[in-house]
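The lines below spell out each chain.
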Amino acid sequence: MVLALWVGGLVVVLVAVGLFVFGLRRRLIQRSGGTFDCSLRWDISEEPDPSGKGWVYGVARYSGDRVDWFRVFSYSPRPRRGLERSAIEVVARRLPEGEEELALLSDSVVLGCLHRGTRLELAMSEDALTGFLAWLEAAPPGQRVNVA
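Rules and cut-offs
- Residues numbered from 1 in each chain as written.
- Predicted model: local features only at pLDDT ≥ 70, side-chain atom pairs only at ≥ 80, totals over all residues.
- Heavy atoms only, no water.
- Pairing = 2+ DSSP bridges.
- Helix = DSSP H or I, 4+ residues; strand = E, 2+ residues; numbered from the N terminus.
- Axes fitted to C-alpha atoms, helices over the stretch in contact; angles between N-to-C directions.
- Contact = heavy atoms within 4.5 Å.
- Domains from an automatic or database assignment.
- Buried area = accessible area lost by both parts, 1.4 Å probe.
- Salt bridge = Lys/Arg side-chain N within 4 Å of Asp/Glu carboxyl O.
- Polar contact = N/O pair within 3.5 Å; in protein donor to acceptor, adjacent residues only side chain to side chain.
- Nonpolar A, V, L, I, M, F, W, Y, C, P; charged D, E, K, R; others polar.

Undergrad: Sorry if this is basic, but what is going on with the sheet that holds strand β6 (residues 88-94) here?
TA: Across the sheet, which stays open at both edges, the 4 strands sit in the order β2-β8-β7-β6 with antiparallel pairing between neighbours. For this open sheet the edge positions go to β2 (39-42) and β6, each flanked by a neighbour on one side alone. Going from strand to strand, the sheet's axes swing by 25° on average, the running direction of each strand aside. The pairing of β6 with strand β7 (residues 108-115) spans 6 bridges and is antiparallel. Pairing of V90 across the sheet is with C113, part of β7.

Right under this line is the structure:
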């Protein structure tokens, strides 16, 4: 009985520590500012997939001429993807369809992009989208920007 209570208590403590580390990591990512919630679907086909498969919830952070994207459910302090401003080409904008609405945050807008020949989709709020498109268009002189 004592062993079961001890093991149960240890499990509760480990879960609490794990949740604390998730929260601390997100706080450290957001510490420098310029972050927004952003789901990502990488290397997709040209046709929209309304099944909702492939979306990964994350946080994006502006970092100079790139956007660093971090998975929410990860302990890694490093971004999973880095998107350079000069390599992003916006090709489409749409609202979530079908089961996709369940996989994304409620007010999301889906932005279809090309990044160095790889098709991807970013889903973010309307406010974050406005900021993202403004950031893309604010490229320094001489850089090409492709916003549809």
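Undergrad: Sorry, what's going on with the sheet that holds strand β4 (residues 66-71) here?
TA: Where strands meet in a sheet, backbone hydrogen bonds hold them as pairs that are either parallel or antiparallel. Overall, antiparallel pairing links the 4 strands, which are arranged β1-β3-β4-β5 in an open sheet. Unpaired on one side and paired on the other, β1 (35-37) and β5 (81-84) mark the two borders of the sheet. This sheet shows a mean twist of 25° between the axes of neighbouring strands, independent of strand direction. Sheet analysis places β1 next to strand β3 (residues 58-63), joined by 3 bridges and oriented antiparallel. Pairing of F36 across the sheet is with A60, part of β3. Packed on one face of the sheet, helix α1 (residues 2-31) meets β1, β3 and β4 and runs near 25° to β3. Together, β1, β3, β4 and β5 form the strand contacts of helix α3 (residues 126-137), whose direction differs from that of β3 by roughly 35°.

Undergrad: Even after reading the chapter, I still don't get the domain arrangement of the protein, so can you show me in this structure?
TA: Interfaces are often described in size by the accessible area the parts lose on coming together. Each domain of the protein was delimited in the assignment, giving domain 1 (1-31) and domain 2 (34-137). Averaged C-alpha coordinates put domain 1 and domain 2 at centres separated by 30 Å. If you look at the interface, domain 1 gives 8 residues, while domain 2 gives 13 residues. Both faces considered, domain 1 and domain 2 share a buried interface measuring about 870 Å² in area, 55% of it formed by carbon and sulfur atoms. If you sort the residues of domain 1 by the area they bury against domain 2, F22, R25 and I29 come out on top, with a joint share of 65%. Scanning the region where domain 1 abuts domain 2 turns up 0 salt bridges. Applying the counting criterion to the domain 1 and domain 2 interface returns 0 residue pairs in polar contact (both at pLDDT 80 or more). Residues of the side of domain 1 that touches domain 2, tallied by class, amount to 4 nonpolar, 2 polar and 2 charged.

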